[in-house]
Amino acid sequence: MSNDVAGELLDRSARCVDEGEYEGPASVSPIDGRLAELGDGLALVTSFSHVIAVGDGDGLALVDTSSEALAPRAQTALRTWSGAPVTTMIYTHGHVDHVGGARLFRDEAVAAGSPRPRVVAHEAVARRFARYDLTHGYNALINARQFRRRSQLGVGQGDWPWDWVLPGTTFSDRMTLRLGDEVVELRHALGETDDHAWLWMPERRAVCAGDFLTWVFPNAGNPQKVQRYPVEWARALREMAALRPELLLPAHGLPIAGERRIARVLDDVASALESLVAQTLEQMNAGARLDDVVRSVRLPGELAERPYLRATYDEPEFVVRNIWRLYGGWWDGDPAHLKPAGAAELAAELAGLAGGADMLASRAAELAAAGDHRLACHLAELATQAAPSSAACHGVRAQVYRARRDSELSLMARGIFAAAADESERRTGGEEGAQSSRGTEQ
Ligand SMILES: [Zn+2]
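A quick note: this is a predicted structure, and the numbers were derived from the prediction, not measured. (Residues numbered from 1 in each chain as written. Predicted model: local features only at pLDDT ≥ 70, side-chain atom pairs only at ≥ 80, totals over all residues.)

Asker: Explanation requested: the environment of Ala370 in the structure shown.
Answerer: Relative to the helices and strands, Ala370 is located in the loop between α14 (357-369) and α15 (373-386). The spacing of Ala370 and Arg306 is 64 residues in sequence and 30 Å in space, taken between C-alpha atoms. (Helix = DSSP H or I, 4+ residues; strand = E, 2+ residues; numbered from the N terminus.)

Asker: Looking at this structure, how should I read unusual backbone geometry?
Answerer: Where the residue is not glycine, phi is negative for most of them; where a peptide bond is considered, it is trans in most cases. Geometrically, the link from Phe48 to Ser49 is a cis peptide bond, its omega value of 0 degrees lying close to zero. Here Ser49 shows up in the loop between β2 (42-45) and β3 (51-56). Look at Ser66: it is not a glycine, yet its phi comes out positive at around 65 degrees. Residue class for Ser66 comes out buried when judged on the 33 C-beta atoms lying within 10 Å of it. Even without glycine at this site, Trp215 takes up a positive phi of about 65 degrees. Turning to its location among the elements, Trp215 is positioned in the loop between β11 (206-210) and α8 (230-242). (Buried ≥ 20, exposed ≤ 12 C-beta atoms within 10 Å, placed from the backbone.)

Asker: Any chance you could explain the pairing of strand β4 (residues 59-63) here in plain terms?
Answerer: Within a regular strand, side chains alternate between the sheet's two faces. Along β4, 4 of the 5 residues are buried, which leaves the element largely enclosed by surrounding structure. Once β3 ends, the chain turns through 2 residues before running back antiparallel as β4. Bridge count for β4 against strand β5 (residues 86-90) is 4 bridges, and the pairing is parallel. Bridging from a neighbouring strand, Leu60 pairs with Val86 of β5. Taken together, β4, helix α3 (residues 71-79) and β5 constitute a β-α-β crossover, and its handedness is right-handed. (Pairing = 2+ DSSP bridges. Right-handed = clockwise from strand over helix to strand, strands pointing away.)

Asker: Help me out: how do you make sense of the sheet that holds strand β13 (residues 256-257) in this one?
Answerer: The strands that make up a sheet are held in pairs by hydrogen bonds between backbone atoms, and each pair lies either parallel or antiparallel. If you trace the 6 strands from one edge of the open sheet to the other, you get β8-β9-β10-β11-β12-β13, paired in mixed fashion. The outermost strands of the open sheet, each flanked by one partner alone, are β8 (174-179) and β13.

Asker: I keep staring at the pairing of strand β10 (residues 197-201) and nothing clicks. Help me out?
Answerer: In terms of burial, β10 is a largely internal element, 5 of the 5 residues being buried. Of the two faces of β10, the one carrying Ala197, Leu199 and Met201 and the one carrying Trp198 and Trp200 are both buried. Relative to β10, strand β9 (residues 182-188) runs antiparallel, the two being bridged by 4 bridges. Looking across to β10, one finds that Arg187 is bridged to Trp198. Here β10 pairs with β11 via 3 bridges, running antiparallel. Note that in β11 the partner of Leu199 across the bridge is Cys208.

Asker: How should I be thinking about the nonpolar core in this particular structure?
Answerer: A general feature of soluble globular proteins is that nonpolar side chains tend to end up buried together. Leu62, Trp198, Val207, Ala209, Val269, Ala364 and Ala383 are the most contacted members of the largest nonpolar core, which totals 128 residues. Leaving out residues up to four positions away in the same chain, Val207 has contacts with Trp198, Leu199, Trp200, Met240, Leu243, Pro245, Leu248 and Leu249. (Core = buried A, V, L, I, M, F, W, Y, C linked by C-beta atoms within 7 Å. Contact = placed C-beta atoms within 7 Å.)

Asker: Looking at this structure, I do not really get the domain arrangement of the protein chain. What am I missing?
Answerer: Bring the parts together and some accessible area is lost; that lost area is often taken as the interface size. In terms of domain boundaries, the protein chain breaks down into domain 1 (4-272), domain 2 (275-327) and domain 3 (341-438). Counting residues at the interface gives 7 residues for domain 1 and 7 residues for domain 3. For the side of domain 1 that touches domain 3, the per-class residue count stands at 2 nonpolar, 2 polar and 3 charged. (Domains from an automatic or database assignment. Nonpolar A, V, L, I, M, F, W, Y, C, P; charged D, E, K, R; others polar.)

Asker: Please clarify how the environment of His188 should be interpreted in this entry.
Answerer: In this fold, His188 is placed in strand β9. For His188, a count of 21 C-beta atoms within 10 Å gives the class buried. Each C-alpha atom of the pair His188 and Ala387 lies 51 Å from the other, and the pair is 199 residues apart in sequence. Sequence-distant contacts of His188, defined by excluding residues within four places in its chain, comprise His122, Phe171, Ser172, Asp173, His196 and Ala197.

Asker: What is the right way to read the sheet that holds strand β1 (residues 35-39) from this model?
Answerer: Read from one edge of the open sheet, 7 strands run β1-β2-β3-β4-β5-β6-β7, paired in mixed fashion. Unpaired on one side and paired on the other, β1 and β7 (169-171) mark the two borders of the sheet. Between one strand axis and the next, the sheet turns through 20 degrees on average, direction left out of account. Bridge count for β5 against strand β6 (residues 118-122) is 3 bridges, and the pairing is parallel. If you follow Thr88 over to β6, its bridge partner there is Arg118. The sheet strands contacting helix α5 (residues 102-111) are β4, β5 and β6, and the helix crosses β5 at an angle near 160 degrees. (Axes fitted to C-alpha atoms, helices over the stretch in contact; angles between N-to-C directions.)

Asker: Is there a simple way to explain the packing of helix α1 (residues 4-19) against helix α9 (residues 259-285) in this structure?
Answerer: Between two packed helices, what matters for the description is the angle formed by their axes and the separation of those axes. One way to put it is that α1 packs onto α9 with a least axis distance of 10 Å and a crossing angle of 65 degrees. Seen along the crossing, α1 lies across α9 with a hand that is left-handed. On α9, the residues touching Ala14, Val17 and Asp18 of α1 are Arg261, Arg264 and Val265. (Left-handed = near helix turned anticlockwise from the far one by under 90°.)

Listed below in structure tokens is the structure:
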């Protein structure tokens with residue numbers, strides 16, 4: 001059993017994997033709310049994140065529930081396919097774009113007079129929700145910065161929930177679940193998060209991979225979020241490959257069919273992560289500073305070109321920093337950074353040597369115009385730290401960060417640089433200036 005949407009998505013993933021064709025982010029990351037029927041009693045609704053439904057006429061199990069904002073659309077698509085009550089919700093992990101729709105599906109069941117669905121997840125999900133409650137403001141701010149104008153995805157500012165639907169059935173390493181007539185296995189592994197679960201459905205030879213596969217470079221380096229686990233992530237991908245799945249259903253991006261095709265993707269993503277870890281550890285063990293490591297570790301070129309490893313979301317440079325943090329500490333090896341002077345104090349000293357904050361700003365503009373965005377940002381930052389009320393310095397800083405944003409590929413880098421540009425634009429042209437420039441962000 002499959003429908004046209006399934007055929008279209010599987011054909012697309014086959015082209016991407018077999019021929020290395022990359023048709024752009026929208027093509028590999030469908031979020032349009034359509035339902036792909038991928039087998040008897042198995043459907044995937046594309047969303048941010050996808051909702052996967054397994055079941056028969058008696059009841060449905062959902063693997064993830066999408067975000068609060070997108071769940072109603074996913075529910076509509078799902079209800080064109082099956083009218084069966086949702087009896088189980090499985091969280092692959094506790095990120096809000098995976099659990100945010102849980103209330104909708106729970107309330108739907110209750111309103112229909114069905115029992116509340118059981119909610120199944122790794123035991124660390126509840127700890128995650130507790131941490132989110134401690135850092136509510138921080139998460140709202142950083143997600144607004146990371147996702148920018150993507151509030152429609154339900155992950156930006158103002159979308160951060162308090163009333164979690166907590167899992168009532170939890171596991172630590174593995175758990176076997178019966179979904180109707182079908183027996184499935186949940187397995188825990190560290191990866192993007194510490195609370196991740198993926199599913200093995202032996203009768204279908206299918207894996208629900210959660211965020212272990214996302215059709216972008218793995219989110220193993222996110223600069224604003226807690227520790228990620230690249231080596232364990234790679235190990236989980238290899239464990240999936242060892243099961244020789246014939247269908248791979250990720251929580252983001254395209255489903256993939258075909259044993260050899262799936263094996264190739266899993267091996268490539270695992271190899272990319274393993275390579276970054278091995279290179280970073282080699283240098284750490286030889287006494288390098290973080291700066292040396294960041295400058296020299298590179299992803300093997302052929303992997304960076306894979307359609308499912310594009311650095312459009314996270315990027316290898318950030319992963320290197322996360323590996324340093326995981327195996328080392330926060331200190332980067334530069335003795336001056338251990339107990340540094342205040343940023344404003346250092347900036348004032350350097351501005352004095354340079355002949356004023358304006359000199360730093362004009363050099364920043366020159367460097368940006370010449371395409372040296374990294375250095376330009378340092379000087380623009382120093383200029384406004386030395387002269388925080390200078391509209392001229394903020395004007396240059398806004399320009400420099402806008403150009404930096406435009407030169408970057410990853411959503412995470414673009415979001416942070418665009419937020420910096422907005423901040424300075426508000427100091428020069430007011431809120432209106434920042435608003436109109438934000439309108440150009442895609
Ligand atoms: Zn996700």
